[in-house]
Amino acid sequence: MVALGRQMAQVLADVRLIGFSGDLGAGKTTLVRGLLQALGHEGAVTSPTFTLVQPYTLGSRSIFHFDLYRLQDPQELEDIGWREYFQPGQLCLLEWPEKAQGLLPVADIDVMIQKLNTGRRVVLNSQTPAGDAVIAALS
């Protein structure tokens, strides 16, 4: 998962939103960790389960790692001013996007992770031209 995150980081270009779905322990945060490390983050990367969002500034880019697993009410997103995070030039990495269905902008890429006996199955689905470019570059 770390290796995939590192590969994705090399081809993100104009991507603004990536959604990560999968069961607990599927590897969502591990994939995000690899992506952030490849972009230059040197510290720990943990899932912001209780704070909902963890900001990172890497170079000139602001990156926001969301974990919506414990989201009980969409009002919680309003309380943190979530719309401000989805601005041009910023990257949002969102675990459990299904918890905010209908509130979020369209993701450039949806990453679906499934645990298997011997590893993981990862499916990337693009919903924008920026997402198409990432998937084409990874192929």
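Everything here concerns the structure above.
Small disclaimer: the values here were computed from a predicted structure and weren't measured.

Cut-offs used in this document
- Residues numbered from 1 in each chain as written.
- Predicted model: local features only at pLDDT ≥ 70, side-chain atom pairs only at ≥ 80, totals over all residues.
- Heavy atoms only, no water.
- Helix = DSSP H or I, 4+ residues; strand = E, 2+ residues; numbered from the N terminus.
- Rg over C-alpha atoms; globule rule 2.2 N^0.38 Å.
- Buried < 20%, exposed > 50% of the residue type's maximum accessible area, 1.4 Å probe, protein only.
- Contact = heavy atoms within 4.5 Å.
- Areas by Shrake-Rupley, 256 points an atom, 1.4 Å probe, with all protein chains shown as cover.
- Lys, Arg positive; Asp, Glu negative; His and termini not counted.
- Charge placed at Lys NZ, Arg CZ, Asp CG, Glu CD.
- Core = buried A, V, L, I, M, F, W, Y, C linked by side-chain atoms within 4.5 Å.
- Salt bridge = Lys/Arg side-chain N within 4 Å of Asp/Glu carboxyl O.
- Polar contact = N/O pair within 3.5 Å; in protein donor to acceptor, adjacent residues only side chain to side chain.
- Pairing = 2+ DSSP bridges.
- Axes fitted to C-alpha atoms, helices over the stretch in contact; angles between N-to-C directions.
- Parallel < 35°, antiparallel > 145°, perpendicular 65-115°, else oblique.
- Left-handed = near helix turned anticlockwise from the far one by under 90°.
- Nonpolar A, V, L, I, M, F, W, Y, C, P; charged D, E, K, R; others polar.

A.B. asks: Outline the overall build of the protein, supporting the account with residue identities and numerical values.
C.D. replies: Broken down by element type, the protein carries four helices and six strands. The order of α-helices and β-strands along the protein, N terminus first, is α-β-α-β-β-α-β-β-β-α. Here the C-alpha radius of gyration of the protein, 14 Å, is about what a compact globule of 139 residues would show, namely 14 Å. Over its C-alpha atoms, taken along the principal directions, the protein stretches across nearly 40 × 35 × 30 Å. When each of the 139 residues of the protein is scored for burial, the buried share is 43%. Partitioning the contacts of the protein with sequence separation of at least 6, the portion at a separation of at least 24 is 59%. Entry remark: accessible area of the protein is about 7,300 Å², with carbon and sulfur atoms responsible for 48%. If the 11 positive side-chain charges of the protein are averaged to one point and the 14 negative ones to another, these points end up 8 Å apart.

A.B. asks: Kindly report on the nonpolar core, identifying the contributing residues and their values.
C.D. replies: Counting 23 residues, the largest nonpolar core has Met-8, Val-15, Ile-18, Leu-35, Leu-36, Leu-93 and Val-111 as the members making the most contacts within it. Contact partners of Val-111, with chain neighbours within four places excluded, come to Met-8, Ile-18, Gly-19, Phe-20, Ser-21, Leu-31, Val-122, Val-123 and Leu-124. Core analysis: the next-biggest nonpolar cluster, separate from the first, contains 16 residues, Trp-82, Phe-86, Cys-92 and Ala-107 among them.

A.B. asks: Any chance you could break down the side chain of Arg-61 for me, citing the residues and the numbers?
C.D. replies: With respect to the helices and strands, the residue Arg-61 is situated in strand 3 (residues 61-67). Of the side chains with opposite charge, Asp-14 comes closest to the buried, unpaired Arg-61, at an N-O distance of 6.8 Å. Among the polar contacts listed, one links the side chain of Arg-61 to the backbone oxygen of Val-15, at a separation of 2.6 Å. Once residues within four sequence positions are removed from consideration, Arg-61 is found in contact with Leu-12, Ala-13, Val-15, Tyr-56, Gly-89, Gln-90 and Leu-91.

A.B. asks: How would you explain the environment of Ile-109 if you had to name every residue and give the values?
C.D. replies: Locating Ile-109 in the fold gives a position in strand 5 (residues 109-116). Among the residues examined, Ile-109 registers a relative accessible area of 0% and is labelled buried.

A.B. asks: With reference to specific residues and values, describe the sheet that holds strand 2 (residues 53-58).
C.D. replies: Read from one edge of the open sheet, six strands run 2-3-4-1-5-6, paired in mixed fashion. The open sheet is flanked by strand 2 and strand 6 (119-126), the only strands paired with a single partner. Averaged over all pairs of adjacent strands, the angle between strand axes in this sheet comes to 15°, irrespective of strand direction. Two elements, strand 2 and strand 3, share six bridges in a ladder whose sense is antiparallel. Directly across from Thr-57, in strand 3, lies its bridge partner Ser-62. Running at roughly 135° to strand 6, helix 4 (residues 129-138) makes contact with strand 5 and strand 6 of the sheet.

A.B. asks: Would you mind going over the packing of helix 1 (residues 2-9) against helix 2 (residues 28-38) in detail, with residue names and values included?
C.D. replies: Where helix 1 meets helix 2, the axes come as close as 7 Å, and the angle between the chain directions of the two elements is 45°. Viewed along their axes, helix 1 and helix 2 adopt a mutual orientation that is oblique. The handedness of the crossing between helix 1 and helix 2 is right-handed. Contacts between helix 1 and helix 2 pair Val-2, Leu-4, Gly-5, Arg-6, Met-8 and Ala-9 from the former with Thr-30, Leu-31, Gly-34, Leu-35, Gln-37 and Ala-38 from the latter. Taken together, the residues of the contact of helix 1 with helix 2 sort by class into seven nonpolar, four polar and one charged.

The quantities given are spatial measurements derived from coordinates; they are silent on function.
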